[in-house]
Amino acid sequence: MDLRFDSQDIEAWARLSGDRNPIHFNREAALRMNAADVVVHGMLAMLPIKQALGRAAAAEPGQDAAPWIHFKTRLKAPVLRDRDVSLALVHRVDRTGFKLRPCTGAAEHFIGGARRIEAPVWDSDARRITLPVGETEAWLRHFEDGLGKQLDQWVALDALVFGDFVRYRLCAVFDRLGPALRLDEPLDHIQYLSSHLLVQTTHQTVFAGGLCCAGALPPVVDYQIDNIDLVERDDEAVGTLDLGVHLQQRHVMTITLGLMIRKLAYPQENDTHEHH
């Protein structure tokens, strides 16, 4: 499967997710992570991958013993705007793997896979963040009419919760940083992040297999942020956090995000307009 993401795709995902990190709009910001051009959102590039891998895992035998699905991705190199990439699946006995590569060359952008697992336990005392029903319904309609057309429920739920976290809750990560890496002022929106580089390095989604289907998603969603684990070294922090997702008061998904945060020696311009 060949894929390509253009500026309209990037803008569409930014509107859905609130992720206006300058590396997705500004060449100069992208250069700070050694990218030759504007970087496609990892979550945008993962949409068709998740759909293909989820369906492959759902088709595996053993649904009764292993009713959940574990999808994981490592983001090895950024996907760039208007560049052709190719998705290849590798079917094994107990899982389906994938590689996302440039259409020309042997480098790898993303690698990962999906497999069936037993239902996990989510046990957290963290505050539940309840998404407003009306806003969730509107978001789901927008998603289903655009980038999420014909994608399964779990892909939509993953995108919905990720977007809320990026739009409103990134402070939960930056508040855990030590004095050397901490922000000088509170972060209202990611597009104003000029002093640090923030990059997603991994993405894992463990979800109930029943969500691997098309159709409208119930808009009663809440989630918890927990297990934030960051390791700091010099001007950089790397680590993970979990988002425990509930649909109609039932735990149906855990999203684990891998992040890298680097303090910049020379802050970048905090706009989302491309510079020539």
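About the cut-offs
- Residues numbered from 1 in each chain as written.
- Predicted model: local features only at pLDDT ≥ 70, side-chain atom pairs only at ≥ 80, totals over all residues.
- Heavy atoms only, no water.
- Helix = DSSP H or I, 4+ residues; strand = E, 2+ residues; numbered from the N terminus.
- Rg over C-alpha atoms; globule rule 2.2 N^0.38 Å.
- Buried < 20%, exposed > 50% of the residue type's maximum accessible area, 1.4 Å probe, protein only.
- pLDDT = per-residue confidence, 0-100.
- Contact = heavy atoms within 4.5 Å.
- Phe/Tyr/Trp six-rings, centres within 6.5 Å; stacked < 30°, edge-to-face > 60°.
- Pairing = 2+ DSSP bridges.
- Axes fitted to C-alpha atoms, helices over the stretch in contact; angles between N-to-C directions.
- Expected span 1.5 Å × (residues − 1).
- Core = buried A, V, L, I, M, F, W, Y, C linked by side-chain atoms within 4.5 Å.
- Polar contact = N/O pair within 3.5 Å; in protein donor to acceptor, adjacent residues only side chain to side chain.
- Parallel < 35°, antiparallel > 145°, perpendicular 65-115°, else oblique.
- Nonpolar A, V, L, I, M, F, W, Y, C, P; charged D, E, K, R; others polar.
- Salt bridge = Lys/Arg side-chain N within 4 Å of Asp/Glu carboxyl O.
- Disulfide = S-S within 2.5 Å.

### Overview of the overall build of the chain
1) Next: Secondary structure summary: the chain contains six helices and ten strands in total.
2) Next: On C-alpha atoms alone, the chain measures out to a radius of gyration of 18 Å, which is about the 19 Å that the 2.2 N^0.38 rule sets for 276 residues.
3) Next: Expressed as lengths along the three principal axes of its C-alpha atoms, the size of the chain is roughly 55 × 45 × 35 Å.
4) Next: A total of 276 residues make up the chain; the buried ones form 53% of that total.

### What about the confidence of the model for the chain?
1) Next: For the chain, the mean per-residue pLDDT works out to 90, and 95% of the residues sit at or above 70.
2) Next: Note that residues 270-276 has pLDDT below 50 and, in this model, 20 contacts with residues that lie over four places away or in other chains.

### Remarks on the packing of aromatic side chains
1) Next: Applying the stated criterion across every chain yields a total of four aromatic pairs.
2) Next: Consider the rings of Phe-71 and Trp-154, whose centres lie 5.8 Å apart with planes at 55°: the pair is tilted. Remark: Trp-154 occurs in helix H5 (residues 153-168) and Phe-71 occurs in strand S2 (residues 68-75); sequence separation between them is 83 residues.
3) Next: For Trp-154, a relative accessible area of 0% corresponds to the buried category.
4) Next: Taken together, a centroid distance of 4.1 Å and an interplanar angle of 5° make the contact between Trp-154 and Phe-207 stacked.

### Comments concerning the sheet that holds strand S9 (residues 236-247)
Each strand in a sheet pairs with another by means of backbone hydrogen bonds, the pair being arranged parallel or else antiparallel.
1) Next: With antiparallel pairing, the ten strands of this open sheet are ordered in space as S1-S3-S4-S5-S2-S7-S10-S9-S8-S6. Where the open sheet ends on each side, the last strands, each with one partner, are strand S1 (2-3) and strand S6 (129-130).
2) Next: Against the sheet, H5 makes contact with S2, S6, strand S7 (196-208), strand S8 (221-233), S9 and strand S10 (250-263), and its axis sits at roughly 45° relative to S10, the strand it touches most.

### What to know about H5
1) Next: The end-to-end C-alpha distance of H5 is 23 Å, a good match for the 22 Å that 16 residues give at a rise of 1.5 Å each.
2) Next: Of all 16 residues in H5, 14 are buried; the element is thus mostly enclosed.

### A closer look at the nonpolar core
1) Next: Within the largest apolar cluster, 77 residues are counted, with the highest numbers of intra-cluster contacts made by Trp-13, Phe-110, Phe-143, Leu-157, Phe-165, Tyr-223 and Leu-243.
2) Next: A per-element tally of this core places H5 first, with ten residues.

### Looking at the environment of Thr-96
1) Next: Of note, Thr-96 is situated in strand S4 (residues 96-102).
2) Next: According to the relative accessible area criterion, Thr-96 is buried, its value standing at 2%.
3) Next: Residues Thr-96 and Asp-6, 90 residues apart in the sequence, show an inter-C-alpha distance of 28 Å.
4) Next: Sequence-distant contacts of Thr-96, defined by excluding residues within four places in its chain, comprise Leu-53, Ala-56, Glu-60, Leu-89, Val-90, His-91, Gly-112, Gly-113 and Ala-114.
5) Next: Of the polar contacts made by the side chain of Thr-96, one reaches the side chain of His-91; its length is 3.4 Å.

### A word on the packing of helix H1 (residues 7-17) against H5
1) Next: One can describe the packing of H1 onto H5 by two numbers: an axis separation of 8 Å at closest approach and a directional angle of 75°. As summarised for this structure, H1 and H5 are arranged roughly perpendicular, according to the angle between their axes. Facing Trp-13, Arg-15, Leu-16 and Ser-17 of H1, the residues of H5 in contact are Ala-159, Phe-162, Gly-163, Val-166 and Arg-167.
2) Next: Its residues assigned to classes, the contact of H1 with H5 shows five nonpolar, two polar and two charged.

### Considering the pattern of salt bridges
1) Next: Taken as a whole, this structure holds 13 salt bridges when the rule is applied.
2) Next: What you see here is one network of salt bridges that share partners, running through Lys-76, Lys-99, Arg-101 and Glu-108.

### A few points about the side chain of Ser-17
1) Next: Among the secondary structure elements, Ser-17 is positioned in helix H1.
2) Next: A polar side-chain atom of Ser-17 sits 3.0 Å from the main-chain amide nitrogen of Asp-19.
3) Next: Discounting residues that sit within four places of it in the chain, Ser-17 has contacts with Gly-163, Val-166 and Arg-167.

### Overview of the state of the cysteines
1) Next: As enumerated under the stated definition, the model contains zero disulfides in all.
2) Next: Between Cys-212, a cysteine without a disulfide, and Cys-213, which holds the nearest cysteine sulfur, the sulfur-to-sulfur distance is 7.5 Å.
3) Next: A relative accessible area of 11% places Cys-212 in the buried class.

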